[in-house]
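If you want the building blocks of each chain, they are given just below.
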Amino acid sequence: KAGVTQTPRYLIKTRGQQVTLSCSPISGHRSVSWYQQTPGQGLQFLFEYFSETQRNKGNFPGRFSGRQFSNSRSEMNVSTLELGDSALYLCASRRGGGAEDGYTFGSGTRLTVV
Amino acid sequence: AQSVTQLDSQVPVFEEAPVELRCNYSSSVSVYLFWYVQYPNQGLQLLLKYLSGSTLVKGINGFEAEFNKSQTSFHLRKPSVHISDTAEYFCAVSEARGGGSNYKLTFGKGTLLTVNP
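Residues numbered from 1 in each chain as written. Chains lettered and ligands numbered in written order. Predicted model: local features only at pLDDT ≥ 70, side-chain atom pairs only at ≥ 80, totals over all residues. Heavy atoms only, no water.

As for the interface of chain A and chain B
Opposite the 23 residues of chain A that make contact, chain B presents 22 residues. Contact with chain B buries surface across chain A, with Leu43(A), Ala99(A) and Glu100(A) losing the most and accounting together for 29% of the total. Between the two partners, chain A and chain B, sit zero salt bridges. Counting the contacts that link chain A with chain B gives five residue pairs in polar contact (both at pLDDT 80 or more). Counting only elements with at least two residues in the side of chain A that touches chain B, the list comes to β4 (31–38), β5 (42–50), β6 (53–57) and β9 (87–94) of chain A. Residue contributions to the side of chain A that touches chain B peak at four residues, all from β5(A). Taken together, the residues of the side of chain A that touches chain B break down into eight nonpolar, nine polar and six charged. (Contact = heavy atoms within 4.5 Å. Buried area = accessible area lost by both parts, 1.4 Å probe. Salt bridge = Lys/Arg side-chain N within 4 Å of Asp/Glu carboxyl O. Polar contact = N/O pair within 3.5 Å; in protein donor to acceptor, adjacent residues only side chain to side chain. Helix = DSSP H or I, 4+ residues; strand = E, 2+ residues; numbered from the N terminus. Nonpolar A, V, L, I, M, F, W, Y, C, P; charged D, E, K, R; others polar.)

Given below as structure tokens:
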């Protein structure tokens, strides 16, 4: 079956711009989470959605936002980009809402802010 | 809140040697524990998970991990590594019960395993 699909794979943006990243979860998976990965901070939780509702949000500024659609696809948006937003953004999905289901991760979107 | 400490940032080993990647966690509630692997330019792949029951958990690619509640550890082991095991390995924890923070994974900083010929 198809895995978690993230688009685009690579993105270069200029400081001050905004960006939207897309994630299509595995068919049947209702929970989608987003993580930011950087060499300095490692993997940091951004937010999780389940059935179109944001259930939890990490410690990121309001410039970071997301949403989930009725087909479980998710988008995250970063406004007013800063150089420090350069990172690998990973989306992960799981079937249910419980933590016992392991996440399946996408290959990520590598965002470079110049 | 939970936290995860991976004690070694890098572990070099020779092919066919055994390896142990160490992970300690901190939590005031019951937890689920996970190990993920990340190959270059890829996402994370689940190796194994501990939910409850037997403390020895077997995963994919010949890896296993042992949950030790008294030492709050979840070390990953493989008796004989291959060149293809070269990757970064992440230990992660989540709460085992409901609540607002139940739904996220908290990751360690990762251990880079390098298998040399």
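Looking at empty space enclosed by the protein
Using the criterion set out here, one finds one cavity of 30 Å³ or more in the structure. By volume, the largest cavity is sized at about 60 Å³. Looking at the largest cavity, the residues that line it are Arg9(A), Tyr10(A), Leu88(A), Ser107(A), Gly108(A), Thr109(A), Arg110(A), Asn41(B) and Gln42(B). Grouping the amino acids of the lining of the largest cavity by side-chain chemistry returns two nonpolar, five polar and two charged. (1 Å grid on protein atoms, 1.4 Å probe; cavity = no way out; pocket = protein on both sides within 12 Å on 5 of 7 lines; lining within 4 Å. Points joined across faces, edges and corners; volume = space filled by probe spheres on them.)

Quick word on unusual backbone geometry
For the bond running from Thr7(A) to Pro8(A), omega is -10 degrees, close enough to zero to count as cis. Structurally, the position occupied by Pro8(A) is in the loop between β1 (5–7) and β2 (10–13). One non-glycine residue with positive phi stands out, namely Thr80(A), at about 45 degrees. Unusually for a residue other than glycine, Asn41(B) sits at a positive phi of about 60 degrees.

Topic: the pattern of salt bridges
Counting across every chain of the model gives 11 salt bridges over all chains. Among the salt bridges present, the one from Arg22(B) reaches Asp8(B), with a minimum N-O distance of 3.0 Å. You can see Arg22(B) sitting in the loop between β3 (19–21) and β4 (23–26) and its partner Asp8(B) sitting in the loop between β1 (3–6) and β2 (10–14), a full 14 residues away along the chain. When the shortest N-O distance is used, the salt bridge between Glu20(B) and Arg77(B) registers 2.8 Å. With Glu20(B) in strand β3 and Arg77(B) in strand β9 (residues 73–78), this pair connects stretches of sequence that are 57 residues apart. Judged by its relative accessible area of 35%, Glu20(B) falls in the partly exposed class. Using a relative accessible area of 27% as the deciding quantity, one classes Arg77(B) as partly exposed. Through salt bridges with shared partners, one network takes in Glu48(A), Arg55(A) and Arg94(A). (Buried < 20%, exposed > 50% of the residue type's maximum accessible area, 1.4 Å probe, protein only.)

Let's talk about the layout of surface pockets
Taken as a whole, the largest pocket encloses approximately 300 Å³ of empty space. Lining the largest pocket are 18 residues; nearest its centre among them are Gln37(A), Thr38(A), Pro39(A), Gln38(B) and Glu88(B). Every element with two or more residues in the lining of the largest pocket is listed here: β4 and β9 of chain A together with β10 (87–95) of chain B. Looking at the lining of the largest pocket residue by residue, the classes come out as six nonpolar, nine polar and three charged. Size it by volume and the second largest pocket reaches roughly 250 Å³. Taken together, 16 residues form the lining of the second largest pocket, with Leu43(A), Gln44(A), Phe45(A), Lys104(B) and Thr106(B) sitting closest to its centre. Contributing elements (two or more residues each) for the lining of the second largest pocket: β5 of chain A together with β11 (106–107) of chain B.

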